[in-house]
Amino acid sequence: MNTIDIAKAYIKAVQTNDQATLGSLISPDVIWHQPGKNRFSGTHRGMAAVGPMLGAMVEVSKGTFAITRADHYMANGDWVAITIEFAGEANGLTMEQAGVDLIRIEGGKIVEVKLFSSDQAQEDAFWGQ
(Lines give C-alpha, C1' and ligand atoms only; values in the text may rest on other atoms or scores of the structure.)
Protein backbone atom coordinates (compact mmCIF):
# COMPACT_ATOMS: atom_id res chain seq x y z
CA MET A 1 0.00 0.00 0.00
CA ASN A 2 1.18 3.52 -0.71
CA THR A 3 0.81 6.39 1.77
CA ILE A 4 -2.60 7.46 0.43
CA ASP A 5 -3.92 3.88 0.69
CA ILE A 6 -2.68 3.65 4.29
CA ALA A 7 -4.28 7.01 5.14
CA LYS A 8 -7.61 5.92 3.62
CA ALA A 9 -7.50 2.61 5.50
CA TYR A 10 -6.75 4.51 8.73
CA ILE A 11 -9.71 6.89 8.31
CA LYS A 12 -12.06 4.02 7.43
CA ALA A 13 -10.87 2.07 10.49
CA VAL A 14 -11.47 5.12 12.72
CA GLN A 15 -14.95 5.61 11.24
CA THR A 16 -15.91 1.95 11.73
CA ASN A 17 -14.09 1.49 15.07
CA ASP A 18 -12.01 -1.30 13.53
CA GLN A 19 -9.47 -1.77 16.32
CA ALA A 20 -7.67 -4.65 14.57
CA THR A 21 -6.95 -2.54 11.49
CA LEU A 22 -5.93 0.44 13.60
CA GLY A 23 -3.54 -1.81 15.49
CA SER A 24 -2.01 -2.99 12.23
CA LEU A 25 -1.62 0.55 10.85
CA ILE A 26 -0.40 2.56 13.84
CA SER A 27 3.14 2.07 15.08
CA PRO A 28 3.45 1.09 18.76
CA ASP A 29 5.88 4.04 18.99
CA VAL A 30 3.53 6.59 17.39
CA ILE A 31 3.89 10.26 18.33
CA TRP A 32 0.45 11.88 18.59
CA HIS A 33 0.06 15.69 18.74
CA GLN A 34 -3.37 16.56 20.12
CA PRO A 35 -4.04 20.31 19.71
CA GLY A 36 -5.47 22.87 22.07
CA LYS A 37 -5.76 23.46 25.78
CA ASN A 38 -8.03 20.69 27.00
CA ARG A 39 -7.71 17.47 29.00
CA PHE A 40 -6.39 15.58 25.94
CA SER A 41 -4.02 18.23 24.54
CA GLY A 42 -0.31 17.67 24.21
CA THR A 43 2.15 15.27 22.68
CA HIS A 44 1.48 11.63 23.51
CA ARG A 45 4.21 9.07 22.82
CA GLY A 46 3.47 5.43 22.09
CA MET A 47 0.25 3.48 21.92
CA ALA A 48 0.52 2.90 25.67
CA ALA A 49 -0.33 6.63 26.02
CA VAL A 50 -2.38 7.19 22.86
CA GLY A 51 -4.73 4.22 23.32
CA PRO A 52 -6.05 5.28 26.73
CA MET A 53 -6.42 8.89 25.52
CA LEU A 54 -8.54 7.79 22.56
CA GLY A 55 -10.55 5.50 24.83
CA ALA A 56 -11.22 8.39 27.19
CA MET A 57 -12.43 10.51 24.25
CA VAL A 58 -14.94 7.79 23.39
CA GLU A 59 -16.01 7.64 27.04
CA VAL A 60 -16.39 11.42 27.46
CA SER A 61 -18.42 11.70 24.25
CA LYS A 62 -20.39 8.52 25.02
CA GLY A 63 -19.28 7.16 21.66
CA THR A 64 -20.63 10.11 19.65
CA PHE A 65 -17.30 11.66 18.60
CA ALA A 66 -16.59 10.66 15.01
CA ILE A 67 -14.96 11.65 11.76
CA THR A 68 -18.06 12.33 9.68
CA ARG A 69 -16.32 13.12 6.42
CA ALA A 70 -12.87 12.77 4.84
CA ASP A 71 -12.49 14.36 1.44
CA HIS A 72 -9.03 15.10 0.18
CA TYR A 73 -5.92 13.00 0.71
CA MET A 74 -2.71 14.83 -0.23
CA ALA A 75 0.70 13.18 -0.05
CA ASN A 76 4.08 14.83 0.25
CA GLY A 77 6.75 12.18 0.77
CA ASP A 78 6.04 10.37 4.04
CA TRP A 79 3.32 12.86 5.05
CA VAL A 80 -0.38 12.71 4.13
CA ALA A 81 -2.79 15.58 4.85
CA ILE A 82 -6.47 14.68 5.05
CA THR A 83 -9.28 17.23 5.13
CA ILE A 84 -11.96 16.01 7.49
CA GLU A 85 -15.10 16.99 9.33
CA PHE A 86 -15.76 15.69 12.81
CA ALA A 87 -18.63 15.92 15.25
CA GLY A 88 -19.88 14.73 18.59
CA GLU A 89 -21.60 15.52 21.86
CA ALA A 90 -19.90 15.88 25.23
CA ASN A 91 -20.24 17.89 28.42
CA GLY A 92 -23.65 19.16 27.28
CA LEU A 93 -22.14 20.61 24.09
CA THR A 94 -22.46 19.67 20.45
CA MET A 95 -19.51 20.14 18.13
CA GLU A 96 -19.27 19.95 14.35
CA GLN A 97 -16.31 21.39 12.50
CA ALA A 98 -13.67 20.97 9.84
CA GLY A 99 -10.12 19.92 10.45
CA VAL A 100 -6.99 18.43 8.98
CA ASP A 101 -5.30 15.22 10.04
CA LEU A 102 -1.63 15.14 9.11
CA ILE A 103 -0.04 11.72 9.35
CA ARG A 104 3.52 10.55 8.74
CA ILE A 105 4.02 7.03 7.47
CA GLU A 106 7.24 5.02 7.57
CA GLY A 107 7.60 1.36 6.71
CA GLY A 108 3.86 1.01 6.15
CA LYS A 109 3.00 2.26 9.66
CA ILE A 110 1.65 5.56 10.95
CA VAL A 111 4.47 6.92 13.10
CA GLU A 112 3.24 10.47 13.74
CA VAL A 113 -0.14 12.22 13.84
CA LYS A 114 -0.78 15.98 14.00
CA LEU A 115 -4.37 17.17 14.24
CA PHE A 116 -5.72 20.61 13.34
CA SER A 117 -9.16 21.98 14.24
CA SER A 118 -10.91 24.88 12.53
CA ASP A 119 -12.29 26.14 15.87
CA GLN A 120 -9.89 25.13 18.61
CA ALA A 121 -11.70 27.14 21.30
CA GLN A 122 -14.90 25.20 20.57
CA GLU A 123 -13.03 21.90 20.72
CA ASP A 124 -11.36 22.85 24.00
CA ALA A 125 -14.75 23.67 25.54
CA PHE A 126 -16.15 20.42 24.15
CA TRP A 127 -13.50 18.23 25.81
CA GLY A 128 -13.16 20.34 28.96
CA GLN A 129 -10.21 20.48 31.32
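For the structure itself, look to the data block above.
Residues numbered from 1 in each chain as written. Predicted model: local features only at pLDDT ≥ 70, side-chain atom pairs only at ≥ 80, totals over all residues. Heavy atoms only, no water.

## A look at the overall build of the protein
Right, on to step 1. Helix and strand counts for the protein come out as four helices and six strands.
Right, on to step 2. Listing each helix as α and each strand as β along the protein from the N terminus yields α-α-β-β-α-β-β-β-β-α.
Right, on to step 3. For 129 residues, the compact-globule formula gives about 14 Å, and the C-alpha radius of gyration of the protein, at 14 Å, lands near that figure.
Right, on to step 4. Summarising its shape, the C-alpha atoms of the protein cover approximately 40 × 30 × 25 Å along the three principal directions.
Right, on to step 5. Going through the 129 residues of the protein one by one, you find that 42% of them count as buried.
Right, on to step 6. The long-range fraction of contacts in the protein, counting pairs at least 24 apart against all pairs at least 6 apart in sequence, stands at 48%. (Helix = DSSP H or I, 4+ residues; strand = E, 2+ residues; numbered from the N terminus. Rg over C-alpha atoms; globule rule 2.2 N^0.38 Å. Buried < 20%, exposed > 50% of the residue type's maximum accessible area, 1.4 Å probe, protein only. Contact = heavy atoms within 4.5 Å.)

## Looking at the layout of surface pockets
Right, on to step 1. Here the largest pocket is characterised by a volume of approximately 730 Å³.
Right, on to step 2. Around the largest pocket, the lining comprises 31 residues; the ones closest to its centre are Val 14, Leu 54, Met 57, Val 58 and Phe 65.
Right, on to step 3. Looking at the lining of the largest pocket, the elements with two or more residues in it are α1 (3-16), α2 (19-25), β1 (26-34), α3 (47-60), β3 (66-76), β4 (79-90) and β6 (109-117).
Right, on to step 4. For the lining of the largest pocket, the element with the most residues is α3, which contributes six residues. (1 Å grid on protein atoms, 1.4 Å probe; cavity = no way out; pocket = protein on both sides within 12 Å on 5 of 7 lines; lining within 4 Å. Points joined across faces, edges and corners; volume = space filled by probe spheres on them.)

## Quick notes on the pairing of β6
Right, on to step 1. The pairing of β1 with β6 spans four bridges and is parallel. Along β6, the bridge assignment pairs Ile 26 with Ile 110.
Right, on to step 2. Both strand β5 (residues 93-106) and β6 contribute to a ladder of eight bridges, which runs antiparallel. When the bridges of β6 are listed, Glu 106 appears paired with Lys 109.
Right, on to step 3. Count of turn residues in the β5/β6 antiparallel hairpin: two residues, of which Gly 107 carries a positive phi of about 60°. (Pairing = 2+ DSSP bridges.)

## Here's the deal with α1
One full turn of an α-helix is made of 3.6 residues, so residues set three or four places apart face in the same direction.
Right, on to step 1. If you check α1, its first and last C-alpha atoms are 20 Å apart, about what 14 residues at 1.5 Å a residue would give, namely 20 Å.
Right, on to step 2. Contacts from the buried residues of α1 go to α2, β1, β3, β4, β5 and β6.
Right, on to step 3. The N-capping residue of α1, defined by a side-chain oxygen 3.0 Å from the backbone nitrogen of Ile 4, is Asn 2.
Right, on to step 4. Positioned one or two residues after α1, Asn 17 has a phi angle of 55°, which is positive. (Expected span 1.5 Å × (residues − 1). Polar contact = N/O pair within 3.5 Å; in protein donor to acceptor, adjacent residues only side chain to side chain.)

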